[in-house]
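A closer look at the structure
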There are 2 protein chains.
Amino acid sequence: MCSSVAVSKDDLTRASIIDAAQKLFRQFGLAKTTMEDIARSIGKGKSSLYYYYSTKEDIFVAVVEREKDLIFKEIQGVIASQKTAESKLRVMAHSKYKSMLKRMDMYNIAQIELPDHLCVFKAIGKRYDEIEIELVKNIISYGIEKGEFKSLSKSNLTLVSTVFTNSLKGLQFALTFGEYAGNAHSLIDATIDVLVHGIKK
Amino acid sequence: MCSSVAVSKDDLTRASIIDAAQKLFRQFGLAKTTMEDIARSIGKGKSSLYYYYSTKEDIFVAVVEREKDLIFKEIQGVIASQKTAESKLRVMAHSKYKSMLKRMDMYNIAQIELPDHLCVFKAIGKRYDEIEIELVKNIISYGIEKGEFKSLSKSNLTLVSTVFTNSLKGLQFALTFGEYAGNAHSLIDATIDVLVHGIKK
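Residues numbered from 1 in each chain as written. Chains lettered and ligands numbered in written order. Predicted model: local features only at pLDDT ≥ 70, side-chain atom pairs only at ≥ 80, totals over all residues. Heavy atoms only, no water.

**As for the overall build of chain A**
Summing up its helical and strand segments, chain A has nine helices and zero strands in all. Ordered by position from N to C terminus, the α and β elements of chain A give α-α-α-α-α-α-α-α-α. Within chain A, contacts between residues at least 6 apart in sequence are counted, and of these 71% link residues at least 24 apart. Carbon and sulfur atoms provide 57% of the accessible area of chain A, an area that totals close to 10100 Å². (Helix = DSSP H or I, 4+ residues; strand = E, 2+ residues; numbered from the N terminus. Contact = heavy atoms within 4.5 Å. Areas by Shrake-Rupley, 256 points an atom, 1.4 Å probe, with all protein chains shown as cover.)

**What to know about the layout of surface pockets**
Space inside the second largest pocket adds up to approximately 270 Å³. In this structure, the second largest pocket is lined by 18 residues; those nearest its centre are A:Ala190, A:Asp193, A:Val194, A:His197 and B:Val160. Elements supplying a minimum of two residues to the lining of the second largest pocket: α9 (184-197) of chain A together with α8 (154-177) of chain B. Residues belonging to the lining of the second largest pocket are distributed by class as follows: nine nonpolar, four polar and five charged. (1 Å grid on protein atoms, 1.4 Å probe; cavity = no way out; pocket = protein on both sides within 12 Å on 5 of 7 lines; lining within 4 Å. Points joined across faces, edges and corners; volume = space filled by probe spheres on them. Nonpolar A, V, L, I, M, F, W, Y, C, P; charged D, E, K, R; others polar.)

**Section: helix α5 (residues 85-102) of chain B**
Under the 1.5 Å per step criterion, the end-to-end length of α5(B) is 26 Å for 18 residues, consistent within 8% with the ideal 26 Å. Counted residue by residue, α5(B) has 14 buried out of 18 residues, so it is predominantly covered. (Expected span 1.5 Å × (residues − 1). Buried < 20%, exposed > 50% of the residue type's maximum accessible area, 1.4 Å probe, protein only.)

**Describing the side chain of B:Ser161**
Residue and element names in this part refer to chain B. Mapping serine 161 onto the fold places it in helix α8. The class of serine 161 is buried, set by a relative accessible area of 0%. From its side chain, serine 161 meets the backbone oxygen of leucine 157 in a polar contact 2.7 Å long. (Polar contact = N/O pair within 3.5 Å; in protein donor to acceptor, adjacent residues only side chain to side chain.)

**Some words on helix α4 (residues 56-80) of chain B**
Taking 1.5 Å per residue, 25 residues should reach 36 Å; α4(B) reaches 36 Å between its end C-alpha atoms and fits that length. Every buried residue belonging to α4(B) is among B:Lys56, B:Ile59, B:Phe60, B:Val61, B:Ala62, B:Val63, B:Val64, B:Glu67, B:Ile71, B:Phe72, B:Ile75 and B:Ile79, and all of these are buried.

**Comments concerning the packing of aromatic side chains**
Across all of its chains, the model carries six aromatic pairs over all chains by this definition. When the centroid spacing of 4.8 Å and the interplanar angle of 90° are considered together, the rings of A:Tyr51 and A:Tyr52 count as edge-to-face. Where A:Phe72 meets A:Tyr128, the ring centres are 5.6 Å apart and the plane angle is 20°; that geometry is what we call stacked. Here A:Phe72 is found in helix α4 (residues 56-80), whereas its partner A:Tyr128 is found in helix α7 (residues 118-145), with 56 residues between them in sequence. Across the pair, exposure class does not vary: A:Phe72 and A:Tyr128 are buried alike. One residue, B:Lys88, lies across the ring of B:Tyr142, its end atom 4.7 Å from the ring centre. (Phe/Tyr/Trp six-rings, centres within 6.5 Å; stacked < 30°, edge-to-face > 60°. Lys NZ or Arg CZ within 6 Å of the ring centre and 35° of its normal.)

**What to know about the environment of A:Ile79**
Mapped onto the elements, A:Ile79 comes out in helix α4. Along the chain, A:Ile79 and A:Leu135 lie 56 residues apart, while their C-alpha atoms are 9.7 Å from each other.

**Thoughts on the packing of α4(A) against helix α5 (residues 85-102) of chain A**
All names here are of chain A. Viewed as axis vectors pointing N to C, α4 and α5 meet at an angle of 150°, and their least axial separation amounts to 9 Å. Regarding the angle of α4 to α5, the classification is roughly antiparallel. The handedness of the crossing between α4 and α5 comes out as right-handed. Between α4 and α5, the residues in contact are Ile71, Glu74, Ile75, Val78, Ile79 and Ala80 and Lys88, Val91, Met92, Ser95, Lys96, Ser99 and Lys102, respectively. Considering only residue class, the contact of α4 with α5 consists of seven nonpolar, two polar and four charged. (Axes fitted to C-alpha atoms, helices over the stretch in contact; angles between N-to-C directions. Parallel < 35°, antiparallel > 145°, perpendicular 65-115°, else oblique. Left-handed = near helix turned anticlockwise from the far one by under 90°.)

Below, the structure is given as structure tokens:
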């Protein structure tokens, strides 16, 4: 009982650190924000901050992870609101793009300021890749179960889900760094059209 | 006449600078290679190097551009060797992956050492995105002409080519940073299967 209360207090402190750090990172960037700044903004000493995180990069990773978790929760909500598997895939892609646009400033920091921490980002990326492939697999399985998609063997289901996920990642990449901002939504729709075509009944 | 000879001599010098720099970058990385090192390795003074390139980053970009041009030439040769549009697309994807593996060391340098030059890389990337979309468009047009693919309106041809290109980019990304090295080629085949399915006659 005591230990669960203690954990919860730690969690609250962690949340307030991440809140404060997120604001500072957004406002001043990673390079210009110090552990001192973060500690000061939550009215604590630097040493008590080190109890929770050893470096500001660790805090930054925690900020990014929370952002990504929020994006996934939003996306899951949007997916649940749709009846067909195809429209679940479609809103997933649109919703991911919208979340990404909203959070673009954070992603820019990550790209420009964290080259030395590329391995950490790859690890976060890998975790989310797996979550995303799982999400797509669930939607496709749902579509198969509902008779909307053709039946697929277990290994083909994994393969197709991976192809979908990779293609959607390539799309996000193009939408972020490419020149498609003007017709992003029709490109998203076209991508889903192409991907879904082969598995439709 | 004179000016064309002069240009050609300049081109030769540029090529020898790029050759030398490429070896040094591969061996020591970008950070540890200086303009001095590059000049010395071609038996010239630093000042004559500055006549051609203002910074080592400019030279690095020239190295990367030449690499990418070589990759494209290889890919074009491989595409020309195939008879059907589907197999052209398939060998294009496989060949790109193989070239990328071969040149991985160069790409690693780019990622780790050139964060400050991200905009330069985005510009190079954008140029090659356009070349790649054009390449895919040509293959699909060839497939339509030969009666292998369904006919597409001009705007749908562009859209589908963009979807294909983005999906293949997402695939390359997954193959580079993901955990698919073991079954890369079946994932490439599956991606082409999914992409081609919808436009086949």
